[in-house]
Structures are given as C-alpha cells and as structure tokens.
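Summary of structural features
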Amino acid sequence: MATEHFDVVIIGTGAGGGTLAHKLAPSGKRVLLLERGGYLPREPENWDSREVFINDRYLSGEFWYDKDGHAFKPHQQYFVGGNTKFYGAILFRMRERDFGEVQHYGGLSPAWPISYQDLEPYYAEAEKLYLVHGQAGEDPTEPPRSGPFPYPAVSHEPRIQQLSDDFEKAGHRPFHLPVGVDLNESDPEAGRCVRCDRFDGFPCLADGKADAHVRCVRPALKHDNVTLLTRAKVERLVTDSSGRSVTEVVVDRHGVREVYSGDVVVVSCGAVNSAALLLKSASDQHPSGLANASGLVGRNYMAHINSGVIAISQAPNPTKFQKTLGINDYYWGADDAELPLGHIQMLGKSDRHILRGGAPWYAPGLALEYVAKHAIDFWITTEDLPHAANRVTVDRVGRIHLAKAYHNLEPHMRLLAKLKAMMGQLGCHDSPIPAWSILDKRIPLAGAAHQSGTVRFGADPATSALNIHCRAHDVDNLYVVDTSFFPSSSAVNPALTAMANALRVGDHLLERLGAHVTTTTQPVSDGQRQEVPS
C-alpha cells in the first residue's frame, strides 16, 4: 500500500504523546496519533473493584519476562489516554534539587541537562491543562512557582482532616496533594467529579479525572488536521539508507500491515515499550537498535520503590475521596537520616476486593470487610536509582524482558518505619493504632509503576540517547517524549514532568516546523464529544 505522509506522527496517546498532540493541534500541521489500544469502554465495570483488581478486566493480557526468564503479567493498559486512564492523577512538580546531582544511601542520582527553571513555565502550563488543584506554600519541599495553583486544593473529608490536624500537632507539615480533577467544590454542577471512592486505580465513568484522553486527545481531535488511529500497534521504525531519518512507521492494524511516514516521528509508548520499539527497529545502519549508538537504549530502567500501607484504626473510616493529603517532611532526610528518604501520600480508599488482590488466599471475607471499613490507606515512594543492568531487552521473537534489581532500599525501609511509628502516635480519635494492625506491601516488578529512564536525554551522545530537546542524537527526525527520557526518577509521581516536558518539546517542534500557536487551555468542563473508534 502507499505510504501516507504527515507532518508529525505520534506513537502513543498518554501523558507524553497525548499532551504533545494537544500542543500541536492548533498549528494546522497534519498530526497522526497511533494508539495500539482502543477507547476504554465506558461501562459499570469501570467502577467495579472486583473486575479492575481481581479479574484484571482492563490489563493488556500480555506477558513479559524477568531476569530469570520467568513470565509475568505486567500491570499495563493500552487505551486512548494510556495509563493516565487509571492513574491517581497526583501531579507533582519535581523538587528543584531533584534536577541536580543527589547523593542517596544506594548511590548517586545524576543531574539533568536542564534545570527546574527551564521546565517551570511548562509545569505551570501543564497544571492549567490538567486541572491541578493545590495550595501553594504548604509543602515544605515545594519548588519556586511563578504563580499559584490554577485551582483550589481539594478539601479533606472529616477523617482525613483530623489526620492532617494530628500530623500538624505532632510537628509535621501535612499539605494538600496536587490533584488533577474536574471538580468545583463551590459549584458542584460545574465539574464532572462526584467525589467517589473509585478515583485511584480506576477509569472514571464520569470523565472527572484529568487524564490525557479527556484533557488532550479529545480536544485535539476537534481540529481537522489531527487524525487518530486506534488498534494500531507500531511494529518497527525504518530509516533511510543513511540511517539519519525515519522514513517508515510500520503498523499492525487489525492484523493488516500499514505504513505511515512523517517529517517528525515521536515515540511515546511508555518507558518499557518505547525502548522495546527502538530495539526492535534494529537495522544495518543501527545494528544495536534505533537511536542506540550510545548502547543505552533499554538501560537504566527505573520504577519508584513504592509500598502500599494500611493502618487499621479502631474507629471506621468513612472517607470516600481519600487521596488529598501528603507528607514530605522526610523527603530530604530526617534527624536520624542524613540522606533523602522519600514521600508519603494517601491512597484511594480500599475495599474488600482491592484488599483481596494483596491478601493471602485464605483471608476470610468478613475479615477483609472489617479491615476495609477501618483502613486508612497510604502510599510511600522512595527514589529508584539508575543502573545499567536494570534494563529492557527484546528476544528474537519480539518478547519483552525486564531485568530489575533495587539498589536504594534503605531509605524505603526507614521511611516505612517512620510512617508506622507516626500511626502509633497519632492513633484514631483517642484509640492508638497498634503496630500489628499496620500492614504494608511493596509493589512488585509486574506493577511497573512510575517507570522511567530507558532512553535518557543529555548533552553528551556518549552518555545519553537523546539530546536536550528529546531528539535522538543519531536520528534527526526521531523524538521520545514519555518518561523514558528521565536521567533520574526523583521521589514524586512522574506524570506532570512528562506532561510539562511534552509541552516543552512541543514548542521546539513548532519552531522546527515553522508553525506558531497561541497557548489556550479549555475550561474545566467543556462538554462531551461523541467519539467513534477508527
């Protein structure tokens, strides 16, 4: 078949690709979005915890392989909007110091080739685009801001407000989490969010979550110059005879081979899949994989060291929208820890089915029901450090292998101990929480949470795969805009940084393409648009 040509081809519609499409859409340039999945069906099962967490209704069904060759099912979803359809929409800026070199217990976190100041305007733009609600000045580690949050902080429900007050009385500095949500608490009719307990880890039936599909892809498709193809899995990228330019994007769509081309080709499939695509695109000109002259593509895989923690209080916890409170007092260390520990935030409210997913098979249903009603749920994150041996590879038949070892566990264990100690002191009303009733579980390799780092950017082609504009050093028209570009992971959620960087790269591409647009952000609720899967 004939190759159809576009100004820009974007592979992936999540936090990176979807945001970039939104940025480029008003330019008039022909933009093709390729999404390997379809639209996530809007159905009652979206909010059914048994379907989401036990039956894996929305997972890809594929298998990856660990460093020992054992198969596992990654927690990957392929839909328009990418993993933002399921994320908790906690949209942090990285701390200013995170952009520099930082010493950790497990080694060195490398510096970025750009500064926080370079990204700050784009953080502000991304916060407006993704409806980030927060309160400036509360977080003791918050970096400098050029202005306030675009929307007011989401209020704590009574039990979480009490917890916040108790934290403060104990000498901590709790703050309202920066949440991307379509919510107007002064006028409930003005927003889509219904403040339910199905926000974190669930797709949103009401479109109240600020995900890349709702906030970026949907409005981008209102422009006639933007085309979206779903069920379009990119199999490989082909270059010209010089190896300096991608000339073909080879797609398997509904089992049929299709080929597209673009003046610019942007990869944004997620840190694992982007690396896998580049490796699968090896050729005579690029025998080790596309954009891999440095040998770094697939290496330095990072995924935050994350744990879920549940404190079982004496009194019930009737909170619905629980993900509103954070603690960063130990982000850079503590009185008894001279090096960084990490970040604490609330998790979405658990129920018996969510707990069942992590409980021993013999745990009785009544016990899980009691735990769920009395649970206060936390998520702790510590920085994962880049190591060359932590890597994505692809075997002869195209299967993904993911090798991972953790090298910075000490701060995670210290932070976990801090949180457990705090729970005992804070208690619940006048009843302390005994240590035996505080449960924790670390997120395993299959969780693939907060993945980053496999196609890092930098100024030196010998030590990075991409330049500071996220263009491949050795392929002139190839860019990568998901979290693959991260040189380090920090200890806060990575989504906003991916979004801000996509906007930054978008400005660069507009200049490269000779286009210009005026930045606009649609209002909180801009109406529905009927979408027909292609």
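For the structure, see preceding data.
The sections below set out a description of the structure shown in this document.

A short note on the environment of lysine 349
Counting through the fold element by element, lysine 349 comes out in the loop between strand E18 (343-346) and helix H7 (352-356). A residue is classified by how much of its surface remains accessible, and lysine 349, at 6% relative accessible area, is buried. Distance in space between the C-alpha atoms of lysine 349 and aspartate 197 is 5.8 Å, their sequence separation being 152 residues. In contact with lysine 349, not counting residues within four places along its chain, are Asp197, Asn317, Thr319, Lys320, Gln322, Ile354, Ala372, Ala375 and Asp377. There is a polar contact of 2.5 Å between the side chain of lysine 349 and the backbone oxygen of alanine 372. Reaching out from lysine 349, the side chain makes a polar contact with the backbone oxygen of alanine 375 at a distance of 3.3 Å.

A closer look at the pattern of salt bridges
Considering all chains together, one arrives at 30 salt bridges under this definition. When the shortest N-O distance is used, the salt bridge between arginine 198 and aspartate 197 registers 3.4 Å. Taking the relative accessible area as the measure of exposure, aspartate 197 reaches 24% and is therefore partly exposed. Two residues, aspartate 200 and lysine 323, come together in a salt bridge whose shortest N-O distance is 3.0 Å. Of this pair, aspartate 200 sits in the loop between strand E10 (179-180) and helix H5 (212-220) while lysine 323 sits in the loop between strand E16 (305-312) and strand E17 (325-327), and the two are 123 residues apart along the sequence. Note on aspartate 200: relative accessible area 18%, which makes it buried. Each member of the salt-bridge network shares a partner with another, and the members are Arg93, Glu120, Glu127, Glu142 and Arg145.

Looking at the side chain of serine 484
Relative to the elements of secondary structure, serine 484 occurs in the loop between strand E24 (478-480) and helix H10 (495-512). The buried category is assigned to serine 484, whose relative accessible area is 0%. Residues contacting serine 484, with those up to four places away along its chain left out, are Gly270, Ala271, Ser274, Gly453, Thr454, Val455 and Arg456.

With respect to the packing of aromatic side chains
The final tally for this structure, using the stated rule, is 17 aromatic pairs. Consider the rings of tryptophan 112 and phenylalanine 457, whose centres lie 5.7 Å apart with planes at 85 degrees: the pair is edge-to-face. Of this pair, tryptophan 112 sits in the loop between strand E6 (107-109) and helix H3 (116-129) while phenylalanine 457 sits in the loop between strand E23 (451-452) and E24, and the two are 345 residues apart along the sequence. Exposure remark for tryptophan 112: the relative accessible area of 7% places this residue in the buried category. Put simply, the rings of Phe99, Trp112, Tyr116, Tyr123, Phe457, Phe485 and Phe486 touch in pairs and so form one group of aromatic residues. When the ring centre of phenylalanine 149 is taken as origin, the NZ or CZ atom of arginine 145, which lies over that ring, is 3.8 Å away.

Overview of the sheet that holds strand E7 (residues 132-134)
With mixed pairing, the three strands of this open sheet are ordered in space as E8-E7-E10. Sheet topology places strand E8 (151-152) and E10 at the edges, where each strand pairs with a single neighbour. Strand direction decides the pairing type here: E7 and E10, joined by two bridges, are antiparallel. Counterpart to histidine 133 in the pairing with E10 is valine 179.

A short note on unusual backbone geometry
Non-glycine residue leucine 131 carries a positive phi angle of around 55 degrees. As for its position among the elements, leucine 131 is in the loop between H3 and E7. Residue classification places leucine 131 among the buried residues on the basis of a relative accessible area of 1%. Positioned with a positive phi, asparagine 300 is a non-glycine residue whose angle comes to about 65 degrees. By secondary structure assignment, the location of asparagine 300 is in the loop between helix H6 (271-280) and strand E15 (302-303).

Thresholds, definitions, all that
Every chain begins its residue count from 1, and numbering advances along the sequence as written. Predicted model: local features are reported for residues with pLDDT of at least 70 only, side-chain atom pairs are reported and counted for 80 or more only, and whole-chain, interface and lining totals are derived from all residues. The basis for every side-chain value is the complete set of heavy atoms in the structure, and neither hydrogens nor water enter the calculation. Strands are runs of DSSP state E lasting at least two residues, helices are runs of H or I lasting at least four, and both sets are numbered from the N terminus onward. Only protein chains enter the accessibility calculation, which uses a 1.4 Å probe. A residue is then buried if its area is under 20% of the maximum for its type, exposed if over 50%, and partly exposed in between. For this analysis, residues touch if any pair of their heavy atoms sits within 4.5 Å. Polar contacts here mean pairs of N or O atoms no more than 3.5 Å apart (in protein, one a potential hydrogen donor and the other a potential acceptor; neighbouring residues in sequence count only if both atoms are side-chain atoms). The rule for a salt bridge is simple: a side-chain nitrogen of Lys or Arg has to be within 4 Å of a carboxyl oxygen of Asp or Glu. For this analysis, a ring pair means two rings from Phe, Tyr or Trp (six-membered ring only for Trp) whose centres lie within 6.5 Å, classed as stacked if their planes differ by under 30 degrees, edge-to-face if by over 60, and tilted for the remaining angles. Our definition puts a charge over a ring when NZ of Lys or CZ of Arg is within 6 Å of the ring centre and also within 35 degrees of the ring normal. Whether two strands pair depends on DSSP finding at least two bridges between them.

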